[in-house]
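One-letter residues, chain by chain:
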Amino acid sequence: MPASLRRLFATILVFHEPGDVRGLWDRHLEAMSDDYRRSHTFSKAVEQMVLLDIRGMLQSMGKDIALFPLPDIDDTYDTTRGEAREVTEESTIEVDAHDAALASSLNHEQRLAYDEILAAVDAGDGGVFFVDGPGGTGKTFLYRALLAKVRGEGKIAVATATSCVAASIMPGGRTTHSRFMIPLNIEDGASCSFTKQSGTTKLLRIASLILWDEATMTNRQAVEALDNSMRDIMGRRHQPFGGKTVVFGGDFRQVLPVVRKGSRGQIIDATLRSSYLWKDHNMSDPNYMTSRAILSTKNNNIDKINTRMIERFQGEDIYHSFDSAEDDPHGYYAPEFLNNLTPNGLPPHALKLKINCPIILLRNIDPTNGLCNGTRLVVRGFQRNAIDAEIVLGQHAGRRVFLPRIPLCPSDDDIFPFKFKRKQFPIRLTFAMTINKAQGQTIPIVGVYLPDPIFSHGHIYVALSRATTKRDIKILAINDADKGKGKGKEQSKNLNKRKRSEPLLTTMKNIVYKEVLSK
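Predicted, not measured: the structure shown is a model, and the values here were computed from it.

Novice: Go over the pattern of salt bridges, please, and point to the residues and values.
Specialist: Throughout the structure, instances matching the rule amount to 26 salt bridges. With its nearest N and O atoms 3.4 Å apart, the salt bridge here joins Lys 149 to Glu 153.

Dropping the structure here:
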């Protein structure tokens, strides 16, 4: 059939690298255009229709017809008016009447997911969802209802699946690798193969919903590659998938990603559950971030935890301070030396921040409007000389504020033999905070990190009384017997050497000044 011959011609161009493309075209044009010649007598029109059909096939294979020495396409014959084939295909998918009626038959759990996903589509703010359930519980039923609803409103819904069989079940379904051009050999930090000018990019930019079924079978790096590309083409680096509504579906009880000669740990690491996306999704929620905190006794412990946590966020912005010694007219103290100083109560010289990271205010700026020492905020944006932040706790929660750089001096004047001044934003990261700073706050979920013994009255009491329930407190304390035995794998080996019957107990002496408690 002519249509089959045209597809064979396109396949030969892409995969067989013919030496004489134009000769191949001339010899088989008549056979490839037989169906068009029945309804068109003008030879140029017939030729153009064949070229347009082959162009669409080449595009579906990721190639541009302009790369091959074929006759030029006359735009006057192009009924798509230059619209990308991918967009045209998705826009012309007809909604089945049966699928359009599925929404009325959803059960309670399906209806909850249906309503929440559609609310995200309608709001246009994006969202990442995962539909989990054993086989036969109606996941495909929900997908078809969602696709029918979105497409019935004239919007674009992209339906994909990891396996070809699962993709064929959904109207307009395609495999994820073919739709998103995901490389076969993929590593962390990779991106999809489509360019910013491709039809795939145009389709994804206007899509209202992206659905990926059987996502539990795919390597998480494939999903992260799509995330990287979506952030890039949408110009929204700080939003998962560039702010699009994406729905994953699958069942972790079934087959997991294939890792060649992979260990159990490597297979688990390859699953979607191990992706940074879920951490990133939580990090965009101010309630999630501010309902958690790690408490410890010393600032150096806090700094280590905050540094480790900020690396898990996407993007980056670093603000450097302007440091000076006020009573040093001869310049004895070099800027590099001053930059390395971080007295208690001052922000660091290099303040590393990322969108949606939690921070705490270190000075009283405007107490009447909620900006006082100890106020917790979330970073929402960066300016050259200001930080856009949102207050997340207290009576001023939800208020957006701009934080300026201000001159700061240590509260202890005797800490240095000179008067130290740092001009910096008066904030610190607050994934972790000292127990002293947490006093007076209610924190729903608390982690207590005690690498060293308690040394002050009230520390244990304050740390364990921040949360409202016992189950929302986790404590990590280092046993004195385990100190000095090495770190990482060496320490793990030491722990494993213990007899199974020997309890792994960690005790810590509490410090209580009973004098202040007596009447």
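Novice: So what about the sheet that holds strand S16 (residues 427-429)? Which residues, and what values?
Specialist: Here five strands make up an open sheet; going across it, the order is S13-S12-S11-S10-S16 and the pairing antiparallel. On the outer flanks of this sheet lie strand S13 (400-404) and S16, each paired with one strand and no other. Averaged over all neighbouring strand pairs, the angle between strand axes comes to 45 degrees, with direction disregarded. Where strand S10 (residues 358-361) lies against strand S11 (residues 376-382), three bridges are found, and the strand directions are antiparallel. From the neighbouring strand, Pro 358 faces S11, where its bridge partner is Val 378.

Novice: Help me get a handle on the packing of helix H11 (residues 199-206) against helix H12 (residues 220-234), residues and values and all.
Specialist: Interhelical geometry of H11 versus H12 gives an angle of 80 degrees and a closest axis separation of 10 Å. By the angle class used here, H11 and H12 are roughly perpendicular. Where H11 abuts H12, its residues Thr 201, Leu 204 and Arg 205 lie against Leu 226, Met 230, Ile 233 and Met 234. Split by residue class, the contact of H11 with H12 holds five nonpolar, one polar and one charged.

Novice: Could you give an account of the confidence of the model for the chain, with specific residues and numbers?
Specialist: The predicted coordinates of low-pLDDT regions are not to be read in fine detail. Confidence in the prediction for the chain averages 86 pLDDT; 91% of positions are at 70 or higher. Taken element by element, the chain is modelled with least confidence in helix H20 (residues 489-496), mean pLDDT 46, and with most confidence in strand S4 (residues 207-213), mean pLDDT 96. Note on residues 488-502: pLDDT under 50 across the span, and ten contacts to partners over four residues away in sequence or across chains.

Novice: Tell me about the environment of Val 512, residues and numbers included.
Specialist: The residue Val 512 is located in the segment after H20 in this model. Residue Val 512 is classed as partly exposed on the basis of its relative accessible area of 40%. Expressed as a C-alpha distance, the spacing of Val 512 and Asn 340, which sit 172 residues apart in the sequence, is 36 Å. The residues touching Val 512, leaving out its near neighbours within four places in the chain, are His 457 and Leu 517.

Novice: Kindly report on the packing of helix H1 (residues 2-15) against helix H2 (residues 21-32), identifying the contributing residues and their values.
Specialist: Here H1 crosses H2 at 170 degrees, and the two axes come no closer than 10 Å. Comparing their axes, H2 and H1 come out roughly antiparallel. Two secondary-structure elements touch here, H1 through Pro 2, Leu 5, Arg 6, Phe 9, Ile 12 and Leu 13 and H2 through Val 21, Leu 24, Trp 25, Ala 31 and Met 32. Of the residues that constitute the contact of H1 with H2, the class distribution is ten nonpolar, no polar and one charged.

Novice: Which residues make up the nonpolar core, and what are the values?
Specialist: A general tendency of soluble globular proteins is for nonpolar side chains to be buried together. Among the nonpolar cores identified, the biggest contains 29 residues, and Phe 180, Leu 204, Ile 210, Trp 212, Leu 226, Phe 241 and Phe 248 are the most heavily contacted of them. Those elements that place two or more of their residues in this core are strand S2 (156-161), H11, S4, H12, strand S5 (245-250) and helix H14 (276-283). The greatest single-element share of this core, amounting to six residues, is contributed by H12. Contacts of Phe 248, omitting those with residues within four sequence positions, involve Val 128, Phe 129, Phe 130, Val 131, Trp 212, Ala 215, Val 223, Phe 241, Leu 272 and Trp 278. Formed by 25 residues, the second largest nonpolar core is a distinct cluster that contains Ala 103, Val 131, Ala 159 and Met 170.

Cut-offs and rules
Residues numbered from 1 in each chain as written. Predicted model: local features only at pLDDT ≥ 70, side-chain atom pairs only at ≥ 80, totals over all residues. Heavy atoms only, no water. Salt bridge = Lys/Arg side-chain N within 4 Å of Asp/Glu carboxyl O. Pairing = 2+ DSSP bridges. Helix = DSSP H or I, 4+ residues; strand = E, 2+ residues; numbered from the N terminus. Axes fitted to C-alpha atoms, helices over the stretch in contact; angles between N-to-C directions. Parallel < 35°, antiparallel > 145°, perpendicular 65-115°, else oblique. Contact = heavy atoms within 4.5 Å. Nonpolar A, V, L, I, M, F, W, Y, C, P; charged D, E, K, R; others polar. pLDDT = per-residue confidence, 0-100. Buried < 20%, exposed > 50% of the residue type's maximum accessible area, 1.4 Å probe, protein only. Core = buried A, V, L, I, M, F, W, Y, C linked by side-chain atoms within 4.5 Å.

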